[in-house]
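# Architecture and fold: a report
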Amino acid sequence: SSGINAEWPLRPGEKENRELEKKREFKASYPHVLFEEPFVPEKDSRYCKVEEFNLHSDKRGEERRKFDQELLEQGQMLERELENEGMEREKRKKKKVPTATLR
């Protein structure tokens, strides 16, 4: 036959190169995923138990409110003490009546 045989005569290693090229070719497959229903996990109530919990931020917030209240009370007490001291000083000054000295 006068037809040209592509497989014969090949150089050594050429057959392996052609096989590698065929493997490297991109071949799109059927996109069956586009037409299937999406995966939906089963909801099992045995594993989803809701338990009560306490957040550290809640506890810390309560401690901070108490601290702020104590700080405010201390500030008010200090202010009252300063007012009382000021009033006592005024009383002492009034008691010390300047005596006129004659020369």
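An account of the accompanying structure is given in this report. For clarity, every value in this text was computed on a predicted model and none was experimentally measured.

What counts and how
Residues numbered from 1 in each chain as written. Predicted model: local features only at pLDDT ≥ 70, side-chain atom pairs only at ≥ 80, totals over all residues. Heavy atoms only, no water. Phe/Tyr/Trp six-rings, centres within 6.5 Å; stacked < 30°, edge-to-face > 60°. Buried < 20%, exposed > 50% of the residue type's maximum accessible area, 1.4 Å probe, protein only. Salt bridge = Lys/Arg side-chain N within 4 Å of Asp/Glu carboxyl O. Helix = DSSP H or I, 4+ residues; strand = E, 2+ residues; numbered from the N terminus. Patch = residues over 30% accessible without salt bridge, like charges linked within 9 Å, V, L, I, M, F, W, Y side chains within 5 Å. Areas by Shrake-Rupley, 256 points an atom, 1.4 Å probe, with all protein chains shown as cover.

The subject of this paragraph is the packing of aromatic side chains. To describe a pair of aromatic rings, you give the distance between the ring centres and the angle between the ring planes. A complete count under the given rule lists one aromatic pair for this structure. Aromatic pair Tyr 30 and Phe 35: ring centres 6.1 Å apart, planes at 25°, arrangement stacked. Just as Tyr 30 is exposed, Phe 35 falls in that class too.

What follows covers the pattern of salt bridges. Between side chains of opposite charge, pairing is possible as soon as their charged atoms come close. Per the stated rule, a full pass over the model turns up five salt bridges. Residue Glu 62 is joined to Arg 65 by a salt bridge in which the shortest nitrogen-to-oxygen separation is 3.1 Å. Placement of both Glu 62 and Arg 65 in helix H2 (residues 56-95) is noted, with a separation of three residues, approximately one turn of the helix. Since its relative accessible area comes to 36%, Glu 62 is described here as partly exposed. Its salt-bridge partner being Arg 64, residue Asp 68 comes within 3.2 Å of it at the nearest N-O pair. Highlighted residues: Asp 68 and Arg 64, both in helix H2, separated by four residues, approximately one helical turn.

On the surface, Tyr 30, Leu 34 and Phe 35 cluster together into a nonpolar patch covering about 430 Å² of accessible area. If you trace the backbone, Phe 35 turns up in the loop between helix H1 (14-24) and H2. Residue classification places Phe 35 among the exposed residues on the basis of a relative accessible area of 61%.

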